Amino acid sequence: DCCANQAVDRDPPRGHPQGHEMSLPHLIRGVYDDREVKIIAVLREPGARLHAAFWNYEHYQNKFGASEDGFAAFAVEFMDRFNECAAEHNWDGCAHRFEAYGPKYEAVFYHADQLIKSLYATFLEGWLQM
């Protein structure tokens, strides 16, 4: 309980583009306080990651079609909606709270999650601040 409270205290407010009320980097800082933490990250090339997600999660194929044209439609749908969100709000805010910006974004199939998961540089900033 104390760690969660510390994490909430350290997390930017919800109105801030990276604010969540509590995020994983802030929770880890709440647990480890000021002790040095080493984190190892394994990252995939974002295009290959997106392609693999399309072919490994059947629900994407069911919605967009099990073909390379289906993959293209899947990628374009997510990128177009994300870019629309970023133009209306901002990049960091959309990366952290895409579906929270209202029904228009919440209704995007699986909230553009596979695209957002590949925005490594955007999320790295929050980790480095910890």
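Bear in mind the structure is a predicted one, so any value in this text is a computation, not a measurement. (Residues numbered from 1 in each chain as written. Predicted model: local features only at pLDDT ≥ 70, side-chain atom pairs only at ≥ 80, totals over all residues. Heavy atoms only, no water.)

Digging into the pattern of salt bridges
A side chain with one charge may pair with a side chain of the opposite charge, provided their charged atoms come close.
So, step 1. Scanning the model with the defined rule gives five salt bridges in all.
So, step 2. The partner of Lys 38 in a salt bridge is Glu 36, and the shortest N-O contact between them spans 2.8 Å. For the pair shown, Lys 38 and Glu 36 are each scored as exposed.
So, step 3. Lys 104 is the partner of Glu 88 in a salt bridge, and the nearest nitrogen-oxygen pair spans 2.9 Å. (Salt bridge = Lys/Arg side-chain N within 4 Å of Asp/Glu carboxyl O. Buried < 20%, exposed > 50% of the residue type's maximum accessible area, 1.4 Å probe, protein only.)

With respect to the nonpolar core
So, step 1. One finds Phe 74, Phe 78, Phe 82 and Phe 98 to be the most contacted residues of the largest nonpolar core, which totals 20 residues.
So, step 2. For this core, the secondary structure elements donating two or more residues are α3 (46–56), α4 (58–64), α5 (68–88), α6 (91–97) and α8 (113–116).
So, step 3. A total of seven residues in this core trace back to one element, the largest contributor, which is α5.
So, step 4. For Phe 78, the contacting residues outside a window of four places in its chain are Tyr 60, Val 108, Phe 109, Ala 112, Gln 114 and Leu 115. (Core = buried A, V, L, I, M, F, W, Y, C linked by side-chain atoms within 4.5 Å. Helix = DSSP H or I, 4+ residues; strand = E, 2+ residues; numbered from the N terminus. Contact = heavy atoms within 4.5 Å.)

Re the confidence of the model for the chain
So, step 1. With 83% of its residues at a pLDDT of at least 70, the chain reaches an overall mean of 84.
So, step 2. α5 holds the highest mean pLDDT among the elements of the chain, 96, whereas helix α1 (residues 2–10) holds the lowest, 64. (pLDDT = per-residue confidence, 0-100.)

Quick look at the packing of aromatic side chains
Pairs of aromatic rings are described using the distance from one ring centre to the other and the angle between the two planes.
So, step 1. This structure, assessed with the given rule, holds 17 aromatic pairs.
So, step 2. Summarising the aromatic geometry, the rings of Phe 71 and Phe 74 are spaced 6.0 Å apart at their centres and angled 40° between planes, so their arrangement reads as tilted. Taken as a pair, Phe 71 and Phe 74 lie in helix α5 at a separation of three residues, close to a single helical turn.
So, step 3. A relative accessible area of 15% places Phe 71 in the buried class.
So, step 4. Residue class for Phe 74 comes out buried when judged on its relative accessible area of 0%.
So, step 5. Feature note: the residues Phe 54, Trp 55, Tyr 57, Tyr 60, Phe 64, Phe 71, Phe 74, Phe 78, Phe 109 and Tyr 110 constitute an aromatic cluster, connected by ring pairs.
So, step 6. In this structure, Lys 63 packs its charged tip against the face of Phe 64, placed 5.5 Å from the ring centre.
So, step 7. Across the ring face of Phe 109, the terminal group of Lys 63 is positioned such that the distance to the ring centre comes to 5.5 Å. (Phe/Tyr/Trp six-rings, centres within 6.5 Å; stacked < 30°, edge-to-face > 60°. Lys NZ or Arg CZ within 6 Å of the ring centre and 35° of its normal.)

Examining the side chain of Arg 97
So, step 1. Looking at where Arg 97 falls in the secondary structure, it is placed in helix α6.
So, step 2. Owing to a relative accessible area of 10%, Arg 97 belongs among the buried residues under this scheme.
So, step 3. At a separation of 3.2 Å, a polar atom in the side chain of Arg 97 contacts the side chain of Tyr 101. (Polar contact = N/O pair within 3.5 Å; in protein donor to acceptor, adjacent residues only side chain to side chain.)

Some points on the state of the cysteines
So, step 1. Evaluation of the coordinates by the stated rule reveals one disulfide.
So, step 2. Between Cys 85 and Cys 94 runs a disulfide, and the two sulfur atoms are separated by 2.0 Å. Judged by the torsion about the S-S bond (-90°), the Cys 85/Cys 94 disulfide is left-handed.
So, step 3. Judged by relative accessible area, which is 0%, Cys 85 ranks as buried.
So, step 4. Residue class for Cys 94 comes out buried when judged on its relative accessible area of 0%. (Disulfide = S-S within 2.5 Å.)

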